[in-house]
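Report on the structure
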Amino acid sequence: MNNRLRTPKPPPLGATLSESGCHFALHSSTAKKVSLCLFQADGTEQRLPMKYRHGGLWYTHVEGVKENQQYGYRIEPSPGAVGNPHKLLLDPYAMALSGKVTWHESLRWQGDWALVDSAPQMPKSVVKSLSPLDTEAISLPPQDRIIYELHVKGFTQQHPEVPAEHRGKYLGLGHPSVIRYLQSLGVTSLQLMPCFSFMDEPRLVAQGLVNYWGYNPVHFFVPDWRYAVQDPVEEFRWMVQQLHMAGFEVILDVVYNHTGEGALDEGMICLKGIDACYYRQSSNPQQPGEQHTGIVMGQPDAGDSTVRESAAGHSELQASGRYLNYSGCGNSLQTEHPTVLQLVMDSLRHWVTHYGVDGFRFDLAASLMREGPDHIGGNTALLQALSQDPLLRDRVLIAEPWDLGPNGYQLGSFSAQWLEVNDHYRDDLRRFWRGDPAGVASLCTRLMGSRDIFDKQSRSQACSVNHITYHDGFTLQDLVSYRRRQNQANGEQGQDGHAHNLSCNHGVEGETTDSEILRKREQHQKNLLMSLLISRGTPHLLAGDEFGNSQQGNNNAYCQDNPTSWLNWQQLTSRHSLVSFVQQLIRFRQTLFTLNDLQMPDEAFHEVIDPDGADIHGLETLDINDHLCWLDQYGYPMQAPEWHNPEQRFIGLKVSRQSDGGADDWLLLFNGSTNRVVFSGDKFQMEKWRLVVSTAPADTKVVEDEDSRRQDSLTQVVAAAFSVSLWRGAENQESV
């Protein structure tokens, strides 16, 4: 008799089709028993045991299973572990789902709902094979990137040229009229708000609201059904192909800091019922940021808990266990654990390989830097894996560099390959143009790439993602129209969202027909936009800001799936001057001059040349000498008292560029005062200056033809009140 143990080689995690059927594999180190559940079209369920186990890996092969087979898992937990076999669980590695996850009380795994089968209310995992997407990745020089953040539904839901059945869908974003508009605007990179499968929180469902933004994922591999007509997988792939053919980078906003399963005593949908390793946990006395659950995670401690194995077959624990809640959403993923690390890395590779995504913006990215509940650093296993992975290391990686845990604010702490969302830029620009007594030192620091935050020798000028607005806050129109948030519709007594917005209303709260107030608001917007698009760094625009889109003062419209959040395309006509100004600024940034072009001698980032035309070993720094001089309102170099004067409202920057024996001189003026400033041209040893760009109402234009430039050549330089202007030395006659 041969009693040798013979088991087949474990297959990849997920469902993998074979010639005769399908391999199924799931990781669970805390399961006592794992059942594979196959569903027929009429909902009939067949339960099959997972035949093999290698450590925490459970797997089996089922003959006759074909593409589109629906399935799920039920897990009986080991004593002391969290789980309930009455709750159907999604396969975290499924390639498709049969529908969206909709909250229902039967998803609760304890209390009155413990014995209720959740399968009738759950979408099913779907067996699906995917080939790599046939598309060329878009790779841009970092200094050329202009990010445009949009919501897949909100961007086209009210677009008049998109067919009604495609509005608010992946197919709508790939529509030719939408692509033509984006191309005319001139942005290079589309940052899509979350498209992972997500769900509405129970609290929102009870209030008749929804999670509109999508920062509540339940699955990391499948696009959400809300934005699909028939098939989210194929429609998302088609959308990316269309955007790539039009030349756009596609950057996906991803959420790996938590899942939609919420606190431990809430829903059991996927990871919570599979393995205790996925979430950060604590059994210590409750601390800020911890979610009390009344459940002990993992193996029980006889000293402080009592375990009862109920007749229902799931464990009920009585103690003071908690999920750590560093996301503000009830749980936090333990990304340093090998199983969770593998899940995140496999998910990222999946979106690159099968969906053609060019980059990722990581929500609450400080969570990726955590090792244990309190330690945080820039060399975690996940960050190391990202830095060396051949498929991911050259993709666009953008960090929202904070979370809600201890030491969670980490701006400037990521490695050289990362871009970081810079909230210091946002706040300092808002302060200056609102007229706060903040002086000009912080403004200039932000314009020049925030080198107080990002090291000159290790971080390029592009690493700072500069923005005035983001999805979570006022739109640009509301920033200059409301002093206070108007969030009553969100069901939290108007107390949600940022309270410190650094906004103003120019005399009237909200909408007005007063022409003078409207003029001031538009000039304020142009000042902010021009400052953004001429700064060193990577500019980030919020969709709709270019035509004055408003959310009626709601600065946290995460639960507003209605016209509050949908772009109002009628504004495109009524605010044509603002749209045109943004288009011209972007074209100017791409073709002529920004502070991004400067090559600074104290930075380790330069263009290099081959002096011999062939010998690559003879490379040297390109012979460009950029000389900068900061000027006060009298045209003289700034002195220390002026730099530290909180009432200083004017700053000028003269840039002299010497290249290949030629000279190119620029004068950039920021006038936040109520008075105009007049310079004499002879103060700069030049005969004349030409106005190139100005935000002042009479001057708002970008001069692009040579005749216009010659007509605008002046012997005096005038900075209008409350304006930004850029001038060029009249000796430089080349065309844009």
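Basis of the calculations
Residues numbered from 1 in each chain as written. Predicted model: local features only at pLDDT ≥ 70, side-chain atom pairs only at ≥ 80, totals over all residues. Heavy atoms only, no water. Helix = DSSP H or I, 4+ residues; strand = E, 2+ residues; numbered from the N terminus. Buried < 20%, exposed > 50% of the residue type's maximum accessible area, 1.4 Å probe, protein only. Contact = heavy atoms within 4.5 Å. Areas by Shrake-Rupley, 256 points an atom, 1.4 Å probe, with all protein chains shown as cover. Core = buried A, V, L, I, M, F, W, Y, C linked by side-chain atoms within 4.5 Å. Pairing = 2+ DSSP bridges. Axes fitted to C-alpha atoms, helices over the stretch in contact; angles between N-to-C directions. Phe/Tyr/Trp six-rings, centres within 6.5 Å; stacked < 30°, edge-to-face > 60°. Lys NZ or Arg CZ within 6 Å of the ring centre and 35° of its normal. Salt bridge = Lys/Arg side-chain N within 4 Å of Asp/Glu carboxyl O. Polar contact = N/O pair within 3.5 Å; in protein donor to acceptor, adjacent residues only side chain to side chain. Lys, Arg positive; Asp, Glu negative; His and termini not counted. Parallel < 35°, antiparallel > 145°, perpendicular 65-115°, else oblique. Nonpolar A, V, L, I, M, F, W, Y, C, P; charged D, E, K, R; others polar. pLDDT = per-residue confidence, 0-100.

**Concerning the overall build of the protein**
Along the protein, the regular secondary structure elements total 16 helices and 35 strands. Within the protein, buried positions represent 59% of all 736 residues. Expressed as a percentage of contacts within the protein between residues at least 6 apart in sequence, the contacts between residues at least 24 apart total 73%. Carbon and sulfur atoms provide 48% of the accessible area of the protein, an area that totals close to 28,900 Å².

**A word on the nonpolar core**
Ranked by internal contacts, the top residues of the largest apolar core, which has 159 residues, are F24, Y148, F155, F360 and F362. The dominant element in this core, judged by the number of residues it contributes, is helix α7 (residues 338-355), at 9 residues. Of all hydrophobic cores here, the second largest spans 13 residues; its members include W402, L411, V421 and Y470.

**What about the sheet that holds strand β18 (residues 359-362)?**
Within the closed barrel, the 8 strands sit side by side as β10-β11-β12-β18-β21-β22-β23-β24. Their pairing is parallel. Each strand of the sheet is rotated relative to its neighbour by a mean of 25°, with strand direction disregarded. Inspection of the sheet shows strand β10 (residues 147-150) paired to strand β24 (residues 538-542) by 3 bridges, in the parallel sense. Bridge assignment links Y148 to a residue of β24, and that residue is L541. In the packing of helix α12 (residues 515-534) onto the sheet, contacts are made with β23 (464-467) and β24, and the angle to β24 comes to roughly 145°.

**As for the packing of aromatic side chains**
Overall, the coordinates contain 31 aromatic pairs when judged by the stated rule. Judged by centre distance (5.1 Å) and plane angle (65°), the rings of F24 and Y71 are edge-to-face. In this pair, F24 sits in strand β2 (residues 21-27) while Y71 sits in strand β7 (residues 70-77), placing the two residues 47 residues apart along the sequence. Each ring, one from F360 and one from F362, has its centre 6.2 Å from the other, and the planes form 50°; the classification is tilted. For the pair F360 and F362, one class covers both residues: buried. Taking the ring centre of F581 as reference, the NZ or CZ of K526 above it sits at 5.2 Å. It is R649 that lies over the ring of F432; its NZ or CZ is 4.4 Å from the centre.

**Some points on the pattern of salt bridges**
Under the counting rule described, the total for this entry stands at 32 salt bridges. Of the charged contacts, one joins D452 and R446 as a salt bridge, the two residues approaching to 2.8 Å between their closest N and O atoms. With its nearest N and O atoms 2.8 Å apart, the salt bridge here joins R657 to D626. Highlighted residues: R657 in strand β28 (residues 650-659) and D626 in strand β27 (residues 624-631), separated in sequence by 31 residues. Residue R657 is classed as buried on the basis of its relative accessible area, which comes to 15%. Under the relative-accessibility criterion, D626 is labelled buried at 9%. Salt bridges linked by common partners bring E45, R47, R74 and D117 together as one network.

**Examining the pairing of β2**
Counting buried positions along β2 gives 5 out of 7 residues, so the element sits mostly inside the fold. By the bridge criterion, 4 bridges tie strand β1 (residues 14-17) to β2 in an arrangement that is antiparallel. Bridge pairing in β2 places G14 opposite A25. Joining the antiparallel neighbours β1 and β2 is a turn of 3 residues. With 7 bridges connecting them, β2 and strand β6 (residues 57-63) associate as antiparallel partners. Among the inter-strand pairings, H27 is bridged to a residue of β6, identified as L57.

**Structural notes on the side chain of Q648**
Within the secondary structure layout, Q648 lies in the loop between α15 (640-643) and β28. A distance of 2.9 Å separates a polar side-chain atom of Q648 from the backbone oxygen of F650. Contacts of Q648, omitting those with residues within four sequence positions, involve G439, V440, D632, Q633, M638 and E642.

**Some words on helix α3 (residues 176-185)**
Taken as a whole, α3 has its buried residues at S177, V178, I179, Y181, L182 and L185. Looking at the residues trailing α3, positive phi occurs at G186, about 100°.

**Re unusual backbone geometry**
With a phi angle near 80°, N68 is a residue other than glycine that sits in the positive phi range. Mapped onto the secondary structure, N68 falls in the loop between β6 and β7. Taking the relative accessible area as the measure of exposure, N68 reaches 53% and is therefore exposed. Despite not being glycine, Q552 shows a phi value in the positive range, around 55°. If you trace the backbone, Q552 turns up in the loop between β24 and α13 (571-574).

**Quick look at the side chain of R485**
If you trace the backbone, R485 turns up in the loop between α11 (476-479) and α12. One buried charge, R485, has no salt-bridge partner; the nearest side chain with opposite charge is D496, at 6.2 Å. A distance of 3.2 Å separates a polar atom in the side chain of R485 from the backbone oxygen of Q495. Within the structure, the side chain of R485 is placed 3.0 Å from the backbone oxygen of D496, a separation counted as a polar contact. If sequence neighbours within four positions are ignored, R485 has contacts with F474, G494, Q495, D496, G497, H498, A499, G553 and N555.

**So, the environment of P123**
In this structure, P123 sits in the loop between β8 (96-97) and β9 (125-126). Between the alpha carbons of P123 and L97 there is a distance of 6.4 Å; along the sequence they are 26 residues apart. The contacts of P123, once residues within four sequence positions are left out, are L90, S98, G99, K100 and V101.

**A few points about the packing of helix α5 (residues 232-245) against α7**
Put simply, α5 and α7 touch, their axes get as near as 10 Å, and they point 70° apart. By the angle between their directions, the pair α5 and α7 is classed as roughly perpendicular. Residues V233, F236, R237 and V240 of α5 pack against W351, H354 and Y355 of α7. Split by residue class, the contact of α5 with α7 holds 5 nonpolar, 1 polar and 1 charged.

**Considering the sheet that holds β6**
Picture the strands of a sheet paired through backbone hydrogen bonds; they go either parallel or antiparallel. Reading across the sheet, the 4 strands line up as β1-β2-β6-β5 and stay open at both edges, with antiparallel pairing between neighbours. Taken across any chain shown, the strands that pair with only one partner, and hence form the sheet edges, are β1 and β5 (52-54). Within the sheet, the average angular offset between the axes of one strand and its neighbour, ignoring direction, is 20°. Pairing of β5 with β6, which is carried by 3 bridges, proceeds in the antiparallel orientation.

**Looking at the confidence of the model for the protein**
The share of residues in the protein with pLDDT of 70 or more is 86%, and the mean pLDDT across the chain is 88. The low-confidence segment residues 614-619, where pLDDT is below 50, has 8 contacts with residues more than four positions distant or belonging to other chains. Below pLDDT 50 for its whole length, residues 700-712 participates in 36 contacts with residues either more than four positions away or in separate chains.

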